[in-house]
Amino acid sequence: DTGVSQDPRHKITKRGQNVTFRCDPISEHNRLYWYRQTLGQGPEFLTYFQNEAQLEKSRLLSDRFSAERPKGSFSTLEIQRTEQGDSAMYLCASSPPSGRAPGELFFGEGSRLTVL
Amino acid sequence: AQTVTQSQPEMSVQEAETVTLSCTYDTSENNYYLFWYKQPPSRQMILVIRQEAYKQQNATENRFSVNFQKAAKSFSLKISDSQLGDTAMYFCASPPPGAGSYQLTFGKGTKLSVIP
């Protein structure tokens, strides 16, 4: 399968713990995005990478959230000191280089976080 | 403030019939894309159709077409000959006003059920 893969698919944690999600984009895609989706809502933009550079961050991304894409390939999203309000589906998407943006986003299946 | 509005939380349609999902948006971009994404139950989000704002002709992809009215900032999706596999959440997406070029704002979605 050469689509966007995310790991883990499900994570249950206790409040105050740290969690990390990994995203492997489609190999030739240089753009990578993280979105968060809560029940009954559409995805909300969190952050965007072009290659290894983090070019955009949402105000939703508090200081407890950090995202990296060290070699311009896979990305990680870490949430420190989790809160119950962090419970959501975390979606990763990637897109290929193009002259005009944004083009089509290719989404992974998501990582569902439950904070107890 | 919400910049993409989908006013129909849920809709249903008989198999083989036609259904239209509505979307209005707000953007300050001069040229932009608009998207409809489909999220089947427990599966990843996939692109259904996209429209470039500078193109007057409405986009069509097989049974899916859009009615794009730029001045009214309206972007509705028409599904013809509905099939059971069309059952899903449908999200309209556009770049938000004043944001970076690589963000997309999604609406809250319309849950479409195709009835046999």
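Structural notes, computed from the coordinates. (Residues numbered from 1 in each chain as written. Chains lettered and ligands numbered in written order. Predicted model: local features only at pLDDT ≥ 70, side-chain atom pairs only at ≥ 80, totals over all residues. Heavy atoms only, no water.)

Turning to the overall build of chain A, a few remarks are in order. Helix and strand counts for chain A stand at 0 helices and 11 strands. Taken over C-alpha atoms, the radius of gyration comes to 13 Å for chain A, in line with the 13 Å a tight globule of 116 residues would show. Residues classed as buried in chain A amount to 47% of the 116 residues present. The contacts in chain A between residues at least 6 apart in sequence include a share of 54% that link residues at least 24 apart. Accessible surface computed for chain A: about 5900 Å², of which carbon and sulfur atoms make up 44%. Here chain A contributes 15 positive and 14 negative side-chain charges, whose respective centroids are spaced 5 Å apart. (Helix = DSSP H or I, 4+ residues; strand = E, 2+ residues; numbered from the N terminus. Rg over C-alpha atoms; globule rule 2.2 N^0.38 Å. Buried < 20%, exposed > 50% of the residue type's maximum accessible area, 1.4 Å probe, protein only. Contact = heavy atoms within 4.5 Å. Areas by Shrake-Rupley, 256 points an atom, 1.4 Å probe, with all protein chains shown as cover. Lys, Arg positive; Asp, Glu negative; His and termini not counted. Charge placed at Lys NZ, Arg CZ, Asp CG, Glu CD.)

All names here are of chain A. Mapped onto the elements of the fold, Arg 64 is located in the loop between strand 6 (53-57) and strand 7 (65-68). A polar contact of 3.2 Å, which involves the side chain of Arg 64, links it to the backbone oxygen of Arg 81. Excluding residues within four positions of it along the chain, Arg 64 makes contact with Glu 78, Ile 79, Gln 80, Arg 81, Thr 82, Glu 83 and Asp 86. (Polar contact = N/O pair within 3.5 Å; in protein donor to acceptor, adjacent residues only side chain to side chain.)

Here the focus is the pattern of salt bridges. According to the stated counting rule, one finds 7 salt bridges over all chains in the structure shown. In this structure, Arg64(A) engages Glu83(A) in a salt bridge whose closest nitrogen and oxygen atoms are separated by 3.4 Å. Here the residue Arg64(A) occupies a position in the loop between strand 6 and strand 7, and Glu83(A) occupies one in the loop between strand 8 (75-79) and strand 9 (88-95), the gap between them amounting to 19 residues. Glu52(B) serves as the salt-bridge partner of Lys55(B), at 3.5 Å between the closest nitrogen and oxygen. Among the charged side chains, a salt-bridge network with shared partners connects Arg64(A), Glu83(A) and Asp86(A). (Salt bridge = Lys/Arg side-chain N within 4 Å of Asp/Glu carboxyl O.)

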